[in-house]
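Below are the chains, spelled out letter by letter.
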Amino acid sequence: MSRSDIYDAIIIGAGPNGLAAAVTLARAGRSVRVIEAAATVGGGTRTALLTLPGFRHDVCSAVHPLALSSRFFRDLPLDRCGLRWIEPSLPLAHPLDDGTAVLLERSVGATAAGLGRDAAAYHRLMGPLVKRWAAVTEDLLGPPPLPPRHPLALIRFGVAALLPASLLARLWFRGERARALFAGMAAHAILPLERPGSAAFGLILAMAGHAVGWPVAQGGSQAIADALAAYLRDLGGEIVTGQPVTAFPPGRSCSMSARSTCSASRAIGYPQPTDACWRATAMARPRSSLTGRWMARSRGLPMRVAVRARCTWAAR
Ligand SMILES: Cc1cc2nc3c(=O)[nH]c(=O)nc-3n(C[C@H](O)[C@H](O)[C@H](O)COP(=O)(O)OP(=O)(O)OC[C@H]3O[C@@H](n4cnc5c(N)ncnc54)[C@H](O)[C@@H]3O)c2cc1C
């Protein structure tokens, strides 16, 4: 029996998605091993001493409004594993060339008030979307449900979100302050702002700032990965670090794509594909991460190829 046969699942990469997939499987009673190439867990949520002694820096991700909005995250007892969220009173300040800054505040009204002649336009754009934040995230943070649970909220969001950020900013706002605020947030798409769909990121980050804030993890984003890892170990999962995976073991390995989310969820005993099952399927491989999918898209790869994940299932 090869070593892989003693686990129900082996997950490659201890980034937040790999750890979330492992936690999901372990909670479903499956035995899981996570294999991580780097010396520490965390992937894009790593925090490191990069400059002066004693100063910890987030290497990639720093603010986590989607963690607060995710039902999966809310269900986990990560506070017991040391995770504490810090909520800054101001989510974001965008500096301008004239030495002033434009602010994203928790309230739509206060943010609009700082946008001069675009105040009413900002209100009209963000007000209705923020009210529907819970509905929009329920449909967006996971496998797209068919039919959508909240079609009207999704249509309202989608009409604006599908536009290029540059076009939405030009159509909707007249002044530099509102356009700069929106462009700064949309740039998180890691896409050219002229690309269709890039507006989605500006909208989501602004909506999140108003609806739940832009929280940071106390001690740096590493605390998120450390808490997930601690919880996984509590559930009996194993994590090995410092071991790059260079080949898949022969034998009972199967390749799953996002299209087989249903079979993956059945495999772990879930009647329906859930957000976390989707992650277990689609996120098991770094290239299939959200960032990877955007990258694959921008290179023109079909989505199905980008999200292909490979898991090893034993004893079935
Ligand atoms: C610059 C930047 C800033 C970002 N800021 C934010 C932010 O503020 N908020 C936010 O929510 N998101 C942010 N993101 C996105 C976020 O970092 C990613 O969505 C998230 O890290 C993806 O998690 P993952 O587990 O899918 O992949 P990763 O975090 O990339 O983890 C993959 C892991 O797999 C390991 N691995 C790779 N190959 C192998 C192998 N062959 N064998 C073993 N292990 C392997 C890697 O070492 C890594 O630890 C940012 C991304 C970037 C690039």
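Residues numbered from 1 in each chain as written. Predicted model: local features only at pLDDT ≥ 70, side-chain atom pairs only at ≥ 80, totals over all residues.

A. Expanded view of helix α9 (residues 176–186). By the burial criterion, the buried members of α9 are R177, A178, R179, L181, F182, M185 and A186. Where α9 is buried, its residues touch β6 (92–95), β7 (101–104), α5 (119–131), α8 (165–172) and α10 (199–211). (Buried ≥ 20, exposed ≤ 12 C-beta atoms within 10 Å, placed from the backbone. Helix = DSSP H or I, 4+ residues; strand = E, 2+ residues; numbered from the N terminus. Contact = placed C-beta atoms within 7 Å.)

B. Representation of unusual backbone geometry within the structure. Unlike most non-glycine residues, I190 shows phi in positive territory, near 55°. You can see I190 is positioned in the loop between α9 and α10.

C. Summary view of the packing of α9 against α10. Where α9 meets α10, the axes come as close as 7 Å, and the angle between the chain directions of the two elements is 100°. Here α9 is positioned roughly perpendicular relative to α10, judged by the angle of their axes. Counted together, F182, M185 and A186 of α9 and A199, F201, G202, L205 and A206 of α10 form the full contact between these two elements. Across the contact of α9 with α10, the residue classes break down as seven nonpolar, one polar and no charged. (Axes fitted to C-alpha atoms, helices over the stretch in contact; angles between N-to-C directions. Parallel < 35°, antiparallel > 145°, perpendicular 65-115°, else oblique. Nonpolar A, V, L, I, M, F, W, Y, C, P; charged D, E, K, R; others polar.)

D. Examining the packing of helix α1 (residues 16–27) against helix α11 (residues 222–234) more closely. Their axes nearest at 10 Å, the elements α1 and α11 cross at an angle of 25°. Judged by the angle between their axes, α1 and α11 are roughly parallel. Crossing hand, α1 versus α11: left-handed. Packed against α1, whose contacting residues are P16, L19, A20, A22, V23 and A26, the element α11 presents I224, A225, L228, A229, Y231 and L232 at the interface. Here the contact of α1 with α11 is built from residues that sort into twelve nonpolar, no polar and no charged. (Left-handed = near helix turned anticlockwise from the far one by under 90°.)

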